[in-house]
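Each chain, written out:
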Amino acid sequence: MSLQGKLALVTGSGRGIGRAIALTLASQGADIIVNFFRHRESAEQTARDIEALGVKTEVIRANVGDPAKIHEIFDIIASKFGYLDILINNAASGVGRPVLDVNVKAWDWTMDINAKAALLCSQQAAKLMEGRGGKIISISSLGSRFALPDYSIVGISKAAIEAVTRYLAIELAPKNICVNTVAASAVETEALKFYIKEGLIKDTGRATPAGRMVIPEDVANVVAFLCSEEAFMIRGQTIIVDGGTSIAPFVIPK
Ligand SMILES: NC(=O)c1ccc[n+]([C@@H]2O[C@H](COP(=O)([O-])OP(=O)(O)OC[C@H]3O[C@@H](n4cnc5c(N)ncnc54)[C@H](OP(=O)(O)O)[C@@H]3O)[C@@H](O)[C@H]2O)c1
């Protein structure tokens, strides 16, 4: 699989899963636009690591929860490159609380960054993919379909992304744009290690049929496949990357 000469925007790609996706696409030859909001140094380190792979990179600071900032991202891409081949809607935030405690502020914050941004970025990206086709992949989680503790509003925003994916996949098919989502179970990021260490989340590795927790590269590899021409006939799907967790909920850790 080669992404030589392609241009990809990965939202929230300075750290975690977004960084792994950016590096994986870059290792296959794609030029990468790194987006971040708060952690500039991480984003610039990711950009240096991408450049070391021999491709071009651009770092854009923007809060994707703000529609005006999304327009700024795409104005920059339009003026500097004039096209886009791949959009990865990865950036996410959220307020962790039970659904009965979700207020308007928590709802708007989470939905704006996670769901509205995915829609607005996809609409803008489709314009820059006009006449050349493209790939749009969003990142979801098992919380879109399973009720996880204190995950309510984030899970709801992920369910919205998965629904948006299906509608976009149909409407953008005539433009040769493939739209899909990758949904992961708990992924072993720095943040998650902290929660496990503090005893706030259980290490689910032993209960995963595949024998270990999902790592960012597992998600990135599936995203890269969906960006390839080999995945041309996969449209509007949510591909689960969870080592089998969701089909074996009653596995007892050995
Ligand atoms: N970790 C998991 O267990 C897990 C499981 C399933 C799905 N996912 C999904 O995978 C994706 C990445 O998760 P992660 O664990 O890698 O998250 P993370 O480590 O918390 O990183 C989040 C990324 O999103 C960026 N971001 C947050 N708010 C933003 C905003 N308003 N505008 C622009 N960028 C923003 C952050 O930028 P800064 O660096 O500037 O803060 C950061 O790069 C998310 O969609 C998440 O829901 C994660």
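Enquirer: Can you walk me through the pairing of strand 6 (residues 177–184) in this structure?
Expert: The element strand 6 is extensively covered by neighbouring structure, given that 8 of its 8 residues are classed as buried. Read as a crossover between parallel neighbours, the route from strand 5 (residues 134–141) over helix 5 (residues 152–172) to strand 6 is right-handed. Judged from the 4 bridges that link them, strand 6 and strand 7 (residues 238–241) form a sheet pairing that is parallel. Bridging across to strand 7, Ala 184 finds its partner in Val 241.

Enquirer: I tried to follow the nonpolar core on my own but got confused; where do I start?
Expert: For soluble globular proteins, the rule of thumb is that nonpolar side chains tend to be buried together. Counting residues in hydrophobic clusters, the biggest one holds 33 residues, and the most contacted among them are Ile 21, Leu 25, Ile 32, Ile 88, Val 219 and Val 223. Broken down by secondary-structure element, the contributors of at least two residues to this core are strand 1 (7–10), helix 1 (16–27), strand 2 (31–36), helix 2 (40–51), strand 4 (86–89), strand 5, strand 6 and helix 7 (216–226). With 7 residues, helix 1 is the largest single contributor of residues to this core. Apart from the residues within four sequence positions on either side, Ile 88 is in contact with Leu 9, Val 10, Thr 11, Ile 21, Leu 25, Ile 137, Ile 139, Val 223 and Cys 227. In this structure, Ile 73, Leu 172, Ile 177 and Val 179 belong to the second largest nonpolar core, which totals 26 residues.

Enquirer: It is not clear to me how the site of the ligand should be interpreted in this structure. Could you clarify?
Expert: The local shell around the ligand holds 26 residues, among which Arg 15, Arg 38, Asn 63, Asn 90 and Val 187 are the closest. One nitrogen or oxygen atom from the side chain of Arg 15 is found 2.8 Å from an oxygen atom belonging to the ligand. Sorting the residues of the shell around the ligand by element identifies helix 1, strand 2 and strand 5 as the ones contributing at least two each. By residue class, the composition of the shell around the ligand is 12 nonpolar, 11 polar and 3 charged.

Enquirer: Could you clarify how one ought to interpret empty space enclosed by the protein in this entry?
Expert: Scanning the model with the defined rule gives 2 cavities of 30 Å³ or more in all. Quantified by volume, the largest cavity comes out at close to 80 Å³. Lining the largest cavity are 13 residues, with Thr 11, Asn 89, Asn 90, Ala 91 and Ile 113 sitting closest to its centre. Of all elements in the fold, only helix 4 (104–128) and helix 5 reach the threshold of two or more residues within the lining of the largest cavity. Of the residues in the lining of the largest cavity, the class split is 8 nonpolar, 4 polar and 1 charged. When its volume is computed, the second largest cavity comes out at roughly 40 Å³. If you go around the second largest cavity, the residues you meet are Asn 89, Ala 118, Leu 119, Ser 122, Ile 136, Ser 138, Ile 161, Val 164, Thr 165, Leu 168 and Val 179. Contributions of two or more residues to the lining of the second largest cavity are made by helix 4, strand 5 and helix 5.

Enquirer: Would you explain a nonpolar patch on the surface in this entry?
Expert: A contiguous nonpolar patch, built from Val 99, Leu 100, Trp 107 and Ile 156 and spanning about 420 Å² of accessible area, is present on the exposed surface. Mapped onto the elements, Leu 100 comes out in the loop between strand 4 and helix 4.

Enquirer: Whenever I open this one, the packing of helix 1 against helix 2 confuses me. Can you help?
Expert: Angle between the axes and distance between the axes: these two values describe a pair of packed helices. The N-to-C vectors of helix 1 and helix 2 enclose an angle of 15 degrees; their axes lie 9 Å apart at closest approach. In terms of orientation, helix 1 lies roughly parallel with respect to helix 2. For helix 1 against helix 2, the interelement crossing comes out right-handed. In this structure, helix 1 uses Arg 19, Ala 22, Leu 23 and Ala 26 to contact helix 2, whose residues at the interface are Gln 45, Thr 46, Asp 49 and Ile 50. Here the contact of helix 1 with helix 2 is composed, by residue class, of 4 nonpolar, 2 polar and 2 charged.

Reading the values: rules and limits
- Residues numbered from 1 in each chain as written.
- Predicted model: local features only at pLDDT ≥ 70, side-chain atom pairs only at ≥ 80, totals over all residues.
- Heavy atoms only, no water.
- Buried < 20%, exposed > 50% of the residue type's maximum accessible area, 1.4 Å probe, protein only.
- Helix = DSSP H or I, 4+ residues; strand = E, 2+ residues; numbered from the N terminus.
- Right-handed = clockwise from strand over helix to strand, strands pointing away.
- Pairing = 2+ DSSP bridges.
- Core = buried A, V, L, I, M, F, W, Y, C linked by side-chain atoms within 4.5 Å.
- Contact = heavy atoms within 4.5 Å.
- Near = heavy atom within 4 Å.
- Polar contact = N/O pair within 3.5 Å; in protein donor to acceptor, adjacent residues only side chain to side chain.
- Nonpolar A, V, L, I, M, F, W, Y, C, P; charged D, E, K, R; others polar.
- 1 Å grid on protein atoms, 1.4 Å probe; cavity = no way out; pocket = protein on both sides within 12 Å on 5 of 7 lines; lining within 4 Å.
- Points joined across faces, edges and corners; volume = space filled by probe spheres on them.
- Patch = residues over 30% accessible without salt bridge, like charges linked within 9 Å, V, L, I, M, F, W, Y side chains within 5 Å.
- Areas by Shrake-Rupley, 256 points an atom, 1.4 Å probe, with all protein chains shown as cover.
- Salt bridge = Lys/Arg side-chain N within 4 Å of Asp/Glu carboxyl O.
- Axes fitted to C-alpha atoms, helices over the stretch in contact; angles between N-to-C directions.
- Parallel < 35°, antiparallel > 145°, perpendicular 65-115°, else oblique.
- Left-handed = near helix turned anticlockwise from the far one by under 90°.

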